[in-house]
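Geometric and topological summary
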Amino acid sequence: VKIGNNVSIGQNVYIDKNVAIGDNCKIQNNVSIYDGVTIGNNVFIGPSVVFTNDKYPNVGIWNDDLKLTTNICDDVSIGANSTILPGIEIGCRTLIGAGSVVTKSFKENLVIYGNPAVEDKKIVWDVTNKTKKILNEPFLKKIDKNNLKNKNTHKTQIEIYQIYELYKALQS
């Protein structure tokens, strides 16, 4: 087991062999992290999250060849009671809603949730302010580009439009 710096681990957390946890992570109570899971930096794991490592468990037989690895990239937040199936990768800056069952890999900058987990909205990661901005495309499309040139236009509208432009770039 490799555990980085400044990691907070709640009570009743199980961490199996061959697990790597990056720096500045918070792992809440009752989490199970099995063999073969790698967790990046700045990851939040809510209470009672389970990472599995065998898609087809068998009571009497364990074979290390059946074990699949899972990779959680940096800046991911995983909501309470989520289950992460083996053999997947969760991209950086992804938010997983509480109670989700993640059955496949997801790219970065997403909000995913449900059973099975599906993509909902894009996230723009503001590196300067270290914040996640969840974008609502229908709302952003309503912004009048011509109004943005007006001196009286509120700064927030200009920032939102800039975020929308970045959002469109991420879509392509």
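Residues numbered from 1 in each chain as written. Predicted model: local features only at pLDDT ≥ 70, side-chain atom pairs only at ≥ 80, totals over all residues. Heavy atoms only, no water.

What follows covers the sheet that holds strand β1 (residues 2-3). Either a parallel or an antiparallel arrangement is found when strands of a sheet pair, and the pairing is made through backbone hydrogen bonds. Pairing in this open sheet of five strands is parallel, and the strands run β1-β4-β7-β10-β13 from one edge to the other. Both outer strands of the open sheet, β1 and β13 (89-90), are each paired with one neighbouring strand and no more. Where strand β7 (residues 37-39) lies against strand β10 (residues 70-72), three bridges are found, and the strand directions are parallel. Paired with T38 across the bridge in β10 is N71. (Pairing = 2+ DSSP bridges. Helix = DSSP H or I, 4+ residues; strand = E, 2+ residues; numbered from the N terminus.)

Moving on: the side chain of N53. Relative to the helices and strands, N53 is located in the loop between β9 (50-51) and β10. For N53, a relative accessible area of 10% puts it in the buried group. At a separation of 3.1 Å, a polar atom in the side chain of N53 contacts the main-chain carbonyl oxygen of D35. If we ignore the near neighbours within four places in the chain, the residues touching N53 are Y34, D35, W62, L66, K67, L68 and P86. (Buried < 20%, exposed > 50% of the residue type's maximum accessible area, 1.4 Å probe, protein only. Polar contact = N/O pair within 3.5 Å; in protein donor to acceptor, adjacent residues only side chain to side chain. Contact = heavy atoms within 4.5 Å.)

Further remarks concern the nonpolar core. By size, the foremost hydrophobic cluster in this structure holds 25 residues, and its most contacted members are I33, I39, I45, F51, I78 and V102. The set of elements that each furnish at least two residues to this core consists of β7 and β16 (110-113). Not counting the four nearest positions on each side in its chain, I78 is found in contact with F44, I45, G46, V49, F51, I72, I84 and I96. (Core = buried A, V, L, I, M, F, W, Y, C linked by side-chain atoms within 4.5 Å.)

The quantities given are spatial measurements derived from coordinates; they are silent on function.
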